[in-house]
Amino acid sequence: MPVQPTPRPGIMEISPYVGGRSTASGHANTIKLSSNESALGPSPKAQAAYRELAGSLHRYPDGGATELRMALGALHGIDPDRIVCGNGSDELLQLVAHAYAGPGDEIVYCRHGFLVYPIATLAVGATPVVAPETDYTADVDAILGLVTERTRIVFLANPNNPTGTYIPKGEIRRLWGGLPEHVVLVIDSAYAEFAPTEDYDSGIELAGMAPNVVMTRTFSKAYGLAALRLGWAYGPPAIIDVLHRIRGPFNANAAALAAALAALEDQDHIARARQHNERCLGALAARLGAAGLHVVPSVCNFLLVRFPDESGRDAAAADRFLTERGIVARRMEPYHLADCLRITIGLEAENEALAQALEAFMTAPAAGADAGDDR
Ligand SMILES: *Cc1c(COP(=O)(O)O)cnc(C)c1O
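Residues numbered from 1 in each chain as written. Predicted model: local features only at pLDDT ≥ 70, side-chain atom pairs only at ≥ 80, totals over all residues. Heavy atoms only, no water.

**Some thoughts on the site of the ligand**
Next up, step 1: In the vicinity of the ligand, 13 residues are found, and the nearest of them are Asp 188, Thr 218, Ser 220, Lys 221 and Arg 229.
Next up, step 2: Asp 90 places a main-chain nitrogen or oxygen 3.0 Å from an oxygen atom of the ligand.
Next up, step 3: Here Asn 161 contributes a side-chain N or O atom positioned 2.7 Å from an oxygen atom of the ligand.
Next up, step 4: In isolation the ligand has 390 Å² of accessible area, and contact with the protein removes 95% of it.
Next up, step 5: For the shell around the ligand, the leading source of residues is helix α3 (residues 88–100), giving three residues. (Near = heavy atom within 4 Å. Polar contact = N/O pair within 3.5 Å; in protein donor to acceptor, adjacent residues only side chain to side chain. Areas by Shrake-Rupley, 256 points an atom, 1.4 Å probe, with all protein chains shown as cover. Helix = DSSP H or I, 4+ residues; strand = E, 2+ residues; numbered from the N terminus.)

**Focus: the packing of aromatic side chains**
Next up, step 1: Summed over the entire model, instances satisfying the criterion amount to nine aromatic pairs.
Next up, step 2: Ring geometry for Phe 219 versus Tyr 223: centroids 4.8 Å apart, planes at 55°, classification tilted. Grouping residues by exposure puts Phe 219 and Tyr 223 together as buried.
Next up, step 3: Put simply, the rings of Tyr 109, Phe 114, Tyr 117 and Phe 155 touch in pairs and so form one group of aromatic residues.
Next up, step 4: Sitting over the ring of Phe 321, Arg 325 keeps its end group 3.5 Å from the ring centre. (Phe/Tyr/Trp six-rings, centres within 6.5 Å; stacked < 30°, edge-to-face > 60°. Buried < 20%, exposed > 50% of the residue type's maximum accessible area, 1.4 Å probe, protein only. Lys NZ or Arg CZ within 6 Å of the ring centre and 35° of its normal.)

Below, the structure written as structure tokens:
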């Protein structure tokens, strides 16, 4: 046997992340509702800042992301020195795992939690510990029940992708209160801009006062800058210092920094994005519910929709039916939700096309739908 370089234990157990499909073959204008991207796109001011940067592509970015951190600090009323930017929040989640966990350590996350958590866990050789959920929602007691002296990190998306559900402020407090001090609680608030204000907490307060809580945020969702890859983390000085030490010196690129700064300054655009989402989310959920589908209550810019366990009417058949009509949703097998599709809120016309297609799917003769498809 020839000797081959061998990756560290855990790495070959990773199922590589597969993003949402962008196209449906044979359709020039695919309706892409597969990746929770912003329906409205970014602020025109962000686009202008991006274009303007073209004149100085030979310059390295500001490795400290100073201007953006100052602006984030001012907007959110937090200390810019306690912020670190990253190449998407994905990178920051990976960096926390790299810094605080390794072989023999455990990382806890929820059954239907974001896929980057298992990837980050296995990548550092740590052991994944998966907490069951209740009604597609994080269960604080289940998470706390799995914490041991080997636990190093708890990853929690609030609200969560792909379920769209959240746990209220009091539950976040209770989770933190039940964790030993050596455990880092990562509150991934990628959808905070869409979440309700009443009993929702992005984790910003806890991350400001607790020595073991980190909040991560992104410009990929409400801000509409997914292509540029920019996320940020806020937390205690000691943890932020650690993340700075291990990040790439220029991990947030200049185009992303410039566009994000302009996007941040255009809060009217974010308000419009939130209003659009609120309006469309409820209407689409009601319509799909009326069509006989189970829609998980969402506070995000997407819906998790459960299909009947019936040949020709299941999630796989629905996905084929939509694809044939040029609409791309997200299959949920990797999230242990094979009976569901995740559907991003799009523009009005896109949501209308989606609703009509699923209404047709639910009323079409099931046998015919199955026999006619081309697996
Ligand atoms: C989209 C998403 C992110 C990451 O986004 P980036 O593009 O890497 O900033 C993080 N967490 C959750 C739950 C997400 O859905």
